[in-house]
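For reference, the chains in residue letters:
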Amino acid sequence: MKDFWLGLRAIVIKDIVVELRAKQVLPTMIVLGMLIVFILRMASESSSTSAGAPVMGAAALWIAFLFSGLLAQERSFAAEQQNGCIDGLLLAPLDPGTIYLAKLVANVVMLSIFELIVVPIGLISFDLHVGGRWPQLLAVLLLGNLGISSVGTLFSAAVQLTRTRGSLLSIVVLVILMPMLIPASFALLVLFGAMPEQVGGTGSLAFVGSFRAALGYLLAFDAVFVVACWLLFPVVIQE
Amino acid sequence: MHETMAENRLTGPALNVCSVSKTFVARPVLRGVDLAVPGGQAVCLCGVNGAGKSTLLRIVAGLLHADRGTAAIHGFDIRKQAEAAKRKLGVVSHASMVYPELTVGENLNFAARLHGLADRTSRIEELLTLTELAPYRHDRAAILSRGLLQRLAIARALLHRPVVLLADEPFTGLDTGATERLLAIFDRFVRDGGAILMTTHDTRLGLRCCRRVAVLDKGVLVLDAMTDEIEPDRFCTDYLSYARSMS
């Protein structure tokens, strides 16, 4: 257990130090995220109803998180390919699952830093207000972040470390993340006042039902996919 | 290093490869390879490109799975007891396995943490002295020359006091001085009781630091002999003409 924590901590710190020095991922993520927010902001200006801003705001934030997150995760294993560093990690007396968890933590940290910068920009651009519900907003962002990072980290390893490079794996990630994006979007819409706490009827958002249920779905998605990806990682990196 | 090697002594071979076979997309790369290397011995594994040398080393290191057969390091099966086996194994290849953004010291510290070394600081100092890298400890790996980078790779591989060292083309891109330093480090490792399995295209260099030579041809071990059983000069000449005929 001590080795697990030592190894996990060492890889997370190394990833963050390498990124702070190389400045390869975070600046690109921020530029991409801001571009998405500003383009959708301009698109929402042409909307005839003022109710469009929260909807476009929530969409802009999730699109930014998703694509910037996938960009960062793809880089996290690409960096390990340099100088055969991935072999150095695999030669360490660590369970391969530890490497996955360490990469996941590093990716969650990167996406959190990105969210800290882009969310205020999104809130100001779309004139969005969450009232006093900052803890709920943080919970939704963190759960969404963990969902995107759990699947993205596994598929990044699959794309970078195996011979499946250039395949349609990135599209598969987006399809897998769809069940998470529905409650995540619902939760942001509720927080931005674009939807009531509870909704009925039909449609994908109505299926979620309530804000509490949305948080429950996000939590369940994260739990299932963190465990599944952790178990699958040793299989994915095999040869 | 002497004390640790003594603690690590084992009655059986330090490295044991039993009937290892591997096929890549219907092409057999290794066919039932058997090889046992005791402590205190270095084996030079020769073979033309595609003979299966690197594949064998990757299987022994646990980076690749054999279709059949087993590999054990210090008695620990590399598949079933991977963590214990990896604690006894060091690997050097033409890829340095170091992060260019980190300094020499940070790279070694990271490797030491991955291996859970308790005496990190003193061990890193020991290795920096052994590989003559102490003056470069605060330099980022990105600015190191090929020779210095290879010395850092060696320091990284020896950091956790392995009993078996796998070296895949370790002399690639090194100048004469760097090659001599590397040979001296290998020699000291073997004298201290370690086992080396080394692949190289430069048979003369290989035979300088190895007392045993093995030749892989199309995935089959066709020669396994002590260097005093063969004529090194004639072996090198014959091997060279064989390699030319195969290329």
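In this text the structure is predicted, and so the values were computed from the model without any measurement.

1. Remarks on the interface of chain A and chain B
Alright, step 1. Listed per partner, the contact involves 27 residues of chain A and 28 residues of chain B.
Alright, step 2. Of the roughly 2600 Å² buried between chain A and chain B, counting both surfaces, carbon and sulfur atoms make up 60%.
Alright, step 3. Inspection of the chain A/chain B interface yields two salt bridges.
Alright, step 4. Where chain A meets chain B, there are eight residue pairs in polar contact (both at pLDDT 80 or more).
Alright, step 5. Sorting elements by how many residues they give to the side of chain A that touches chain B places helix 1 (residues 2–22) of chain A first, with eleven residues.

2. Details of the nonpolar core
Alright, step 1. In terms of nonpolar packing, the biggest core is built from 113 residues, with L188(A), L15(B), L56(B), L89(B), V164(B) and L166(B) touching the most fellow members.
Alright, step 2. Considering every element that reaches this core, the biggest residue donor is helix 5 (residues 96–125) of chain A, with twelve residues.
Alright, step 3. Built from parts of two domains, this core gets at least three residues from each of domain 1 (2–88 + 163–246) and domain 2 (99–161) of chain B.
Alright, step 4. Aside from chain neighbours lying at most four places away, what touches L188(A) is A58(A), L61(A), W62(A), L137(A) and V140(A).
Alright, step 5. Listed in part, the 46 residues of the second largest apolar core include A155(B), L158(B), F171(B) and L207(B).

3. Here's the deal with the sheet that holds strand 4 (residues 68–73) of chain B
Residue and element names in this part refer to chain B.
Alright, step 1. Spatial ordering of the open sheet is given by 2-1-4-5, a layout of four strands whose pairing is antiparallel. The strands lining the two open edges of the sheet, one partner per strand, are strand 2 (27–37) and strand 5 (76–77).
Alright, step 2. With two bridges connecting them, strand 4 and strand 5 associate as antiparallel partners. Following the sheet pairing, I73 is matched in strand 5 by F76.
Alright, step 3. Against the sheet, helix 2 (residues 53–60) engages strand 1 (15–24), strand 2 and strand 4, with an angle of about 120° to strand 1.

4. Details of the sheet that holds strand 10 (residues 220–226) of chain B
Residues and elements named next belong to chain B.
Alright, step 1. As summarised here, the arrangement of the six strands in space is 6-7-8-3-9-10, forming an open sheet in which the pairing is mixed. The open sheet terminates on both sides in strands that have one partner only, identified here as strand 6 (89–92) and strand 10. Recorded for the sheet is a direction-independent mean angle of 15° between the axes of neighbouring strands.
Alright, step 2. Helix 6 (residues 146–158) rests against strand 6 and strand 7 (164–168) of the sheet, and its axis sits at about 170° to strand 6.
Alright, step 3. Helix 7 (residues 176–191) contacts strand 3 (42–46), strand 7 and strand 8 (195–199) of the sheet and is inclined by roughly 145° relative to strand 8.

5. Describing the packing of aromatic side chains
Residues and elements named next belong to chain A.
Alright, step 1. All told, the structure shown has eight aromatic pairs over all chains when counted by the stated rule.
Alright, step 2. Between F4 and W5, the ring centres sit 5.0 Å apart and the planes meet at 75°, which makes this aromatic pair edge-to-face.
Alright, step 3. Residue F4 is classed as partly exposed on the basis of its relative accessible area, which comes to 22%.
Alright, step 4. Between F65 and F114 the ring centres are 6.3 Å apart and the planes differ by 85°, which places this aromatic pair in the edge-to-face class. With F65 in helix 3 (residues 52–81) and F114 in helix 5, this pair connects stretches of sequence that are 49 residues apart.
Alright, step 5. One aromatic cluster is present, built from ring pairs that chain together W62, F65 and F114.
Alright, step 6. The side chain of K103 reaches across the aromatic face of F77, ending 5.3 Å from its centre.
Alright, step 7. Note that R133 overlies the ring of F211, its terminal NZ or CZ placed 5.0 Å from the centroid.

Definitions and limits used
- Residues numbered from 1 in each chain as written.
- Chains lettered and ligands numbered in written order.
- Predicted model: local features only at pLDDT ≥ 70, side-chain atom pairs only at ≥ 80, totals over all residues.
- Heavy atoms only, no water.
- Contact = heavy atoms within 4.5 Å.
- Buried area = accessible area lost by both parts, 1.4 Å probe.
- Salt bridge = Lys/Arg side-chain N within 4 Å of Asp/Glu carboxyl O.
- Polar contact = N/O pair within 3.5 Å; in protein donor to acceptor, adjacent residues only side chain to side chain.
- Helix = DSSP H or I, 4+ residues; strand = E, 2+ residues; numbered from the N terminus.
- Core = buried A, V, L, I, M, F, W, Y, C linked by side-chain atoms within 4.5 Å.
- Buried < 20%, exposed > 50% of the residue type's maximum accessible area, 1.4 Å probe, protein only.
- Domains from an automatic or database assignment.
- Pairing = 2+ DSSP bridges.
- Axes fitted to C-alpha atoms, helices over the stretch in contact; angles between N-to-C directions.
- Phe/Tyr/Trp six-rings, centres within 6.5 Å; stacked < 30°, edge-to-face > 60°.
- Lys NZ or Arg CZ within 6 Å of the ring centre and 35° of its normal.

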